[in-house]
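Inside the fold
Here are the chains, one letter per residue:
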Amino acid sequence: MPPWRGVIREFREFLPPTEEESIVTLLEGGTPLIRSVRLRDWINREIELYLKYEGCNPTGSFKDRGMTLAVSQALREGITAVICASTGNTSASASAYAARAGLRAFVLIPEGQIALGKLSQAIMHGAEVLQVQGNFDEALAIVKEVARGYPVALVNSINPYRLEGQQTAAFEICDQLGDAPTYQSLPVGNAGNITAYWKGYRRYREAGRTSGLPILLGFQAEGAAPIVRGHVVEHPETVATAIRIGNPASWQQAVAARDESGGVIDMVSDDQILEAYQLIAGLEGIFCEPASASSVAGVIKLNKAGRFRRGDRIVCTLTGNGLKDLDCALRVSRRPATISPTTEAVLKHLRF
Ligand SMILES: *Cc1c(COP(=O)(O)O)cnc(C)c1O
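Read on for a plain summary of the structure. (Residues numbered from 1 in each chain as written. Predicted model: local features only at pLDDT ≥ 70, side-chain atom pairs only at ≥ 80, totals over all residues. Heavy atoms only, no water.)

**Section: the overall build of the protein**
Heads up, the condition is: Runs of E in the DSSP output that reach at least two residues are strands. Runs of H or I that reach at least four are helices, and both are numbered from the N terminus. We compute the radius of gyration from the C-alpha atoms alone; for a globule the expected value is 2.2 Å times N to the 0.38, where N is the number of residues. Only protein chains enter the accessibility calculation, which uses a 1.4 Å probe; a residue whose area is less than 20% of its type maximum is buried, one above 50% is exposed, and one in between is partly exposed. Residues count as neighbours in contact if any of their non-hydrogen atoms are within 4.5 Å of one another.
A count of helical and extended segments in the protein gives 15 helices and 10 strands. Here the C-alpha radius of gyration of the protein, 20 Å, is about what a compact globule of 352 residues would show, namely 20 Å. With the principal axes as the frame, the protein shows a C-alpha extent of 65 × 50 × 50 Å. Looking at the protein residue by residue over its 352 residues, the buried ones come to 58%. By sequence separation, contacts in the protein at least 24 residues apart represent 71% of the contacts at least 6 residues apart.

Right under this line is the structure:
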């Protein structure tokens, strides 16, 4: 097989045209679709469960799939700076792709609410990072206004190129499975990704690459569940900082995608998210970030309600890498024991 060339070159026929010389890529995409056995057995032995591990992207989240298109387009238009509001991963991705393209990056993050790994990425890639004394929704409103008045490309998911690029995860899943799955489960924050997946699945179906469409399952955190509750959440709260959003930009599109697919957008508690987070790591050897685990937490919840049938193929997308948020991992884990440097002390702990 030829080496992977990044999503723009791999899926050229399904994406807006980009000239070779303006392609900005870190060879994103091509992430593994891992068949789950131990976690599947823990949930329900009659289903098929797959984990699409987006933490394997160059900056550790699916945001790279859209950022390669958004930054390539900015370069093509001769724009020399990009700006975004971010709960973390958008800023990490925008900063990396801007660095690669030689563009300036401005990043607005909610103060104290972003995982340190993500903040470190933006700083290392040379972005100008501003901590806003407010939440994500307020930061997004500001960057929208700035982008309207100044020569800077807005690279949040309201940028249409972002969603175009993010469709490619759905293409890959269909290629990897040989057809569309029965269910596709995703975390929902700003609701761009679930919108993009639906676009991608439909586009592949129209091109005759699959025989059908999946049912979409989207999961918000209980403390940040505007779509489930049917109203804006002024002060969103959840351990899953990547989906700590009270007024999703792609709200209407996500609801339309849910309804067209015959699916649901539901919510899961922080306890359910953290349980799934630990199960994925402990039973499958995959370290994802807390927000990502909501896709699995939601499947566990719906399974208990009797939703699934024998042979259903369920894909849960694990949107980001667990290494980004080590504070959370250490909070939920047992600390290692400290022992004297002797074989006896070690043997005492091994308990054979
Ligand atoms: C951005 C992000 C999400 C949410 O995606 P939306 O498109 O905003 O719904 C979920 N998980 C991770 C890790 C993210 O970075």
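**As for the nonpolar core**
So the rule is basically this: Residues belong to a common nonpolar core when they are buried Ala, Val, Leu, Ile, Met, Phe, Trp, Tyr or Cys residues joined through side-chain atoms within 4.5 Å.
Grouped together as the largest cluster of nonpolar side chains are 37 residues, with contacts concentrated most on Leu39, Ile280, Val296, Phe308, Ile314 and Leu318. Elements with a contribution of two residues or more to this core: helix 2 (38–43), strand 2 (48–53), strand 8 (215–221), helix 12 (270–284), helix 13 (290–304), strand 10 (313–318) and helix 14 (326–332). The contacts of Phe308, once residues within four sequence positions are left out, are Ile47, Tyr183, Leu217, Val299, Leu302, Asn303 and Ile314. Listed in part, the 32 residues of the second largest apolar core include Phe11, Ile23, Tyr50 and Ile265.

**Things to note about the packing of helix 8 (residues 168–177) against helix 9 (residues 192–206)**
Spelled out, the test is: Geometry is summarised by axes, namely lines fitted to C-alpha atoms with helices restricted to the contacting stretch, and by angles between N-to-C directions that run from 0 to 180 degrees. Orientation categories follow fixed angle ranges, with anything under 35 degrees roughly parallel, anything over 145 roughly antiparallel, 65 to 115 roughly perpendicular, and all other angles oblique. Here a crossing is taken to be left-handed if its near helix is turned anticlockwise relative to the far helix by less than a right angle, and right-handed if that turn runs clockwise. Under the scheme applied, nonpolar residues are Ala, Val, Leu, Ile, Met, Phe, Trp, Tyr, Cys and Pro; charged residues are Asp, Glu, Lys and Arg; polar residues are all the others, including Gly.
Running from N to C, helix 8 and helix 9 cross one another at 50°; their axes reach a closest spacing of 7 Å. Looking at the two axes, helix 8 sits oblique to helix 9. Every pair of crossing elements has a handedness; the one defined by helix 8 and helix 9 is right-handed. Listed contacts from helix 9 to Ala169, Ala170, Phe171, Ile173, Cys174 and Asp175 of helix 8 are Tyr197, Gly200, Tyr201, Arg203 and Tyr204. In the contact of helix 8 with helix 9, the residues fall into eight nonpolar, one polar and two charged.

**Considering the sheet that holds strand 2**
Applicable threshold: The pairing criterion is simple: DSSP has to find at least two bridges between the two strands.
Taking strand neighbours across the sheet as the criterion, the six strands line up as 1-2-10-7-8-9 in an open arrangement whose pairing is mixed. Looking along the sheet, the strands with just one partner apiece sit at the ends: strand 1 (33–36) and strand 9 (264–268). Sheet twist, expressed as the mean angle between neighbouring strand axes with direction ignored, is 25°. Set on the sheet, helix 9 makes contact with strand 7 (183–187), strand 8 and strand 10; between it and strand 7 the angle comes to about 155°. Contacting strand 2, strand 7, strand 8, strand 9 and strand 10, helix 13 runs over the sheet at an angle of about 155° to strand 10.

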